[in-house]
Amino acid sequence: AKAKGRNTFHFYSQELDEAANERLYIENELRLAIRDNQFTLHYQPQVDYRNNEVVGYEALIRWEHPERGPIPPTKFIPIAEATGLIVELGEWVLEAACRFSVKLQKQGKVGNMSINLSARQFKDSNMKRVLSDVLARTNMPPKLLHLELTESMLMGDVEAAISQLHQIKALGVSLSIDDFGTGYSSLSYLKRFPVDILKVDRSFVKDIPEDPNDMEITAAIIAMAQKLNLEVVAEGVETKEQVDFLANNNCYVVQGYYYSPPIPEQSVEVFKVQ
Ligand code: C2E
Ligand code: CA
Ligand code: CA
Ligand code: CA
């Protein structure tokens, strides 16, 4: 039993080593990737069910590593966040997304652009200056820029978060709560956050219509958003049944594979809702 215990320990520590090495590898490669411009943005359309019109896009970062190929954001964003590299990377995302939005606007297309902010960026004391610089540099109309934040970023020092939200909003941009329902912000806080949009998390949508609980929760979140005068966007919508359910419950703006996966710029410029 002793030997087995030692082997188990050895096994785990080796796994930890591998995880640590992988993290270190990604961290180093991230620095090179920022230097060498290995990132692109893909854009996922948000569609209004009622008229099949695109009402905006969410920018999602993509990393094509020269040897490894695509590395998903769920893998490298947390490392970029932990090392602080996200601040530089996030500024690049912001600028690239605004530039593309302005390009779309010049083509007479919808320019609403959502981008994801990380906790580190949100708390960064330079955030406001970076934002206003990018808006000015790119000629982006502030109200077309939607910044997505998660509940967990707003908890902790709630008063500081509310003050930061007000300062960012003063620039004229819109604010969304991403992955809504998965964090633990209480409803009383939600009322105090100066946000404009709630994004219903995919975890509630994905088992509609099989899971009656998820249907209840989704309907309740939509109803609550409306009571609070918030716009609501459903994410991760994959099927006709889901779109119909959402629309029947007064959520008309949806994002998900049902309409389109995230797509590169050239595809956005010719995108049509099927
Ligand atoms: P998120 O902000 O919740 O983005 C939605 C994710 O769901 C995206 O994954 C998108 O490709 C995926 N998705 C969209 N529709 C569907 C669907 O119908 N079904 C399924 N199964 N998935 C769908 P992605 O692009 O891999 O991004 C993952 C996460 O990485 C994002 O989650 C966001 O938290 C983070 N992320 C991505 N880009 C950025 C960025 O530029 N900055 C920051 N800070 N985070 C980012
Ligand atoms: Ca998002
Ligand atoms: Ca989300
Ligand atoms: Ca479920």
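Structure report, in brief. Only a predicted model underlies this, so the values are computations on that prediction, with no experimental measurement involved.

## Notes on the overall build of the chain
Summing up its helical and strand segments, the chain has 12 helices and nine strands in all. Computed over the C-alpha atoms, the radius of gyration of the chain is 20 Å, within 12% of the 19 Å expected from 2.2 N^0.38 for a compact globule of 274 residues. With the principal axes as the frame, the chain shows a C-alpha extent of 65 × 50 × 45 Å. Burial statistics for the chain: of 274 residues in total, 45% are counted as buried. Long-range pairs, those at least 24 residues apart, make up 68% of the contacts in the chain with a sequence separation of at least 6. Carbon together with sulfur atoms contributes 52% to the accessible area of the chain, which is approximately 14,200 Å² in total. When the 29 basic and 38 acidic side-chain charges of the chain are each reduced to a single mean position, those positions are 4 Å apart.

## Here we look at the coordination of the calcium ion (ligand 2)
Note on the calcium ion (ligand 2): its protein donors are E58 (OE), N116 (OD1), E148 (OE) and D178 (OD). The metal-donor distances range over 2.1 to 2.3 Å. Expressed as a motif, the donor residue spacing for the calcium ion (ligand 2) is E-x57-N-x31-E-x29-D. The metal-metal distance between the calcium ion (ligand 2) and the calcium ion (ligand 3) is 3.8 Å, with D178 coordinating both. Of this pair, N116 sits in strand β4 (residues 113-116) while D178 sits in strand β6 (residues 174-180), and the two are 62 residues apart along the sequence. With relative accessibility at 29%, the residue N116 sits in the partly exposed group. Classification of D178 as buried rests on a relative accessible area of 7%.

Cut-offs used in this document
Residues numbered from 1 in each chain as written. Chains lettered and ligands numbered in written order. Predicted model: local features only at pLDDT ≥ 70, side-chain atom pairs only at ≥ 80, totals over all residues. Heavy atoms only, no water. Helix = DSSP H or I, 4+ residues; strand = E, 2+ residues; numbered from the N terminus. Rg over C-alpha atoms; globule rule 2.2 N^0.38 Å. Buried < 20%, exposed > 50% of the residue type's maximum accessible area, 1.4 Å probe, protein only. Contact = heavy atoms within 4.5 Å. Areas by Shrake-Rupley, 256 points an atom, 1.4 Å probe, with all protein chains shown as cover. Lys, Arg positive; Asp, Glu negative; His and termini not counted. Charge placed at Lys NZ, Arg CZ, Asp CG, Glu CD. Donors = N, O, S within 2.8 Å, 3.2 Å for Na, K, Ca; no water.

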